[in-house]
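So you can see what is in the structure, the chains are spelled out below.
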Amino acid sequence: MSENLNRLTYFVAIAEEGTITAAAARLRVSKAVVSKQLQLLEDDLGATLVLRNSRHFNLTETGEGFYEAARAAVAQANDAFHLVRKGRDEPSGELRVTAPHEFGVGYVAPAVAAFSLLYPALRIDLTLSDTRFHPVESRFDIAFRVGWLEDSSNTARKLTGFSQVVVAAPSIVETFGTPQTLDDLARLPFIENRALKTPSKLTFTDKRGRSRDLTFQPSVTGDTTQAVLSVVKAGGGVANMPDFIVVDALRTGELVGLLPEFALPSGTISAVFPPTAYRSSATRRFTDFFFERFREQQRRSTETQDGL
């Protein structure tokens, strides 16, 4: 059993490091040992996990699928050993997290800083990008999603919902006037967010439940929510934004909301995990830690607004 677990450890290192040489360096053993253990593992499974020659190294389709199960098994075993040695389930090793840039800067990064101080044995790899990385293919333990989840085999845990609002700088209203209808809105300069599925097409619903699609001709296009927000704040035009991102700017008057009688589709903030039955203690602890912290921040923000 221990021999099989060791072979899984070697395979996980190979998959994550990309070469047998790098895996050997990580494990502090010779390349020959790593290569032999991989061969024995493939013999045990009766399947090829890695395609390799002098220049190329890739996991096979079987290897890609086997990697997630192997990684989970190794992590679970390491947690079990750590639990006995330390007397408690303390996160250690590496935790890989990704989040959209604006949400990550505002909420995830500060949580990572606080969590890393609580658990110095843990190393956190944080990637902030509006690119939607696949947790399995990109090997993330947690992928935060802001918007709408796609159907997949991944596991998701919803944090909260949010609304979209159309906003602009006060200078836009001064120049063009306050839009009274959707047609008025369509005539204003629009800032498009390429990170969205339909960046220039929005569906508005009135209070009677009647919906209308509105297609804008963007004057500026950005590839991140932060870029779009910066252009909007500078008076470049109007844009649709998640309410939690612009709540402070709306409260201070830096931005104004337009046509509040119309609603845009609401979205969710979720944490997405690879579809494995086991999650490391670091994954579980950080998810709980982040959710509690975020909800507390939202509660305080609501209390501040109510007090104004």
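So, a few notes on the structure that sits alongside this text. (Residues numbered from 1 in each chain as written. Predicted model: local features only at pLDDT ≥ 70, side-chain atom pairs only at ≥ 80, totals over all residues. Heavy atoms only, no water.)

**Focus on the sheet that holds strand 3 (residues 93-99)**
Thinking step 1. Here we have five strands laid out as an open sheet, ordered 4-3-5-14-6, and mixed in their pairing. Of all strands in the sheet, those bounded by a partner on one side alone are strand 4 (122-128) and strand 6 (155-162). For this sheet, the mean angle separating the axes of adjacent strands, direction not counted, is 15°.
Thinking step 2. Where strand 3 meets strand 4, seven bridges bridge the pair, whose relative direction is parallel. When the bridges of strand 4 are listed, Gly-93 appears paired with Leu-122. (Pairing = 2+ DSSP bridges. Helix = DSSP H or I, 4+ residues; strand = E, 2+ residues; numbered from the N terminus. Axes fitted to C-alpha atoms, helices over the stretch in contact; angles between N-to-C directions.)

**A look at the packing of helix 2 (residues 20-27) against helix 3 (residues 31-45)**
Thinking step 1. Where helix 2 contacts helix 3, the two axes come as close as 8 Å, and the packing angle between them is 110°. In terms of orientation, helix 2 lies roughly perpendicular with respect to helix 3. Of the residues in helix 3, those touching helix 2 at Ile-20, Thr-21, Ala-23, Ala-24 and Leu-27 are Lys-31, Val-34, Ser-35 and Leu-38.
Thinking step 2. Its residues assigned to classes, the contact of helix 2 with helix 3 comprises six nonpolar, two polar and one charged. (Parallel < 35°, antiparallel > 145°, perpendicular 65-115°, else oblique. Contact = heavy atoms within 4.5 Å. Nonpolar A, V, L, I, M, F, W, Y, C, P; charged D, E, K, R; others polar.)

**Details of the sheet that holds strand 7 (residues 164-168)**
Thinking step 1. Taken in spatial order, the three strands line up as 12-7-13 in an open sheet, and their pairing is antiparallel. Only two strands of the sheet have a single neighbouring strand rather than two, namely strand 12 (239-242) and strand 13 (256-257).
Thinking step 2. Across four bridges, strand 7 lies against strand 12 in antiparallel orientation. Counted as the bridge partner of Val-166 is Asn-240 from strand 12.
Thinking step 3. Here helix 9 (residues 243-252) sits on the sheet and contacts strand 7, strand 12 and strand 13; the angle it forms with strand 12, its principal contact strand, is near 105°.

**Let's talk about helix 2**
Thinking step 1. Listing the buried residues of helix 2 in full gives Ile-20, Ala-23 and Ala-24. All buried residues of helix 2 project into a common sector of 100° when viewed along the axis, lining one side.
Thinking step 2. Positive phi appears at Arg-28, one or two residues downstream of helix 2, with a value of about 60°. (Buried < 20%, exposed > 50% of the residue type's maximum accessible area, 1.4 Å probe, protein only. Arc of directions from axis to C-beta.)

**Things to note about the environment of Thr-62**
Thinking step 1. By secondary structure assignment, the location of Thr-62 is in helix 4 (residues 61-86).
Thinking step 2. Owing to a relative accessible area of 45%, Thr-62 belongs among the partly exposed residues under this scheme.
Thinking step 3. For the pair Thr-62 and Leu-49, spaced 13 residues apart in the sequence, the C-alpha separation amounts to 6.0 Å.
Thinking step 4. With residues up to four places along the chain from it excluded, the contact list for Thr-62 reads Ala-47, Thr-48 and Leu-49.

**Description of the side chain of Thr-98**
Thinking step 1. Locating Thr-98 in the fold gives a position in strand 3.
Thinking step 2. Ignoring any residue separated from it by four or fewer positions in sequence, one finds Thr-98 in contact with Thr-127, Phe-133, Phe-140, Ile-142, Ala-143 and Phe-144.

**Things to note about helix 8 (residues 225-233)**
Because an α-helix packs 3.6 residues into every turn, residues spaced three or four apart end up facing the same way.
Thinking step 1. Taken together, the buried positions of helix 8 are Thr-225, Val-228, Leu-229 and Val-232. An end-on view of helix 8 places all buried positions within 100° of arc, on one side of the element.
Thinking step 2. Tucked inside the fold, the buried residues of helix 8 contact helix 5 (101-118), strand 7, strand 8 (190-193), strand 11 (218-222), strand 12 and helix 9.
Thinking step 3. Where helix 8 ends, the next residue or the one after it, Gly-235, has phi of about 90°, a positive value.

**So, the nonpolar core**
Thinking step 1. With 36 residues, the main nonpolar core has Phe-103, Phe-144, Phe-286 and Phe-290 as its most contacted residues.
Thinking step 2. Per element, the largest residue contribution to this core is six residues, and it comes from helix 5.
Thinking step 3. The contacts of Phe-290, once residues within four sequence positions are left out, are Phe-103, Tyr-107, Val-108, Ala-111, Phe-144 and Leu-159.
Thinking step 4. Among the nonpolar cores identified, the runner-up in size contains 19 residues, and Ile-14, Ala-15, Tyr-67 and Val-74 belong to it. (Core = buried A, V, L, I, M, F, W, Y, C linked by side-chain atoms within 4.5 Å.)

**Digging into the pattern of salt bridges**
Thinking step 1. All chains considered together, the criterion is met by 14 salt bridges.
Thinking step 2. Here Asp-288 makes a salt bridge to Arg-157, at a shortest N to O gap of 2.9 Å. Taken together, the residues span a long stretch of sequence, with Asp-288 in helix 10 (residues 281-307) and Arg-157 in strand 6 at a distance of 131 residues.
Thinking step 3. Here Arg-157 falls in the partly exposed class, since its relative accessible area comes to 32%.
Thinking step 4. The salt bridge involving Glu-254 is made with Lys-233; its shortest N-O contact spans 3.9 Å. On the criterion of sequence distance, the pair formed by Glu-254 in the loop between helix 9 and strand 13 and Lys-233 in helix 8 is long-range, its members being 21 residues apart.
Thinking step 5. The partly exposed category is assigned to Glu-254, whose relative accessible area is 38%.
Thinking step 6. By relative accessible area, Lys-233 is classed as partly exposed at 34%.
Thinking step 7. One salt-bridge network, held together by shared partners, links Glu-16, Glu-17, Arg-26, Arg-71 and Asp-141. (Salt bridge = Lys/Arg side-chain N within 4 Å of Asp/Glu carboxyl O.)

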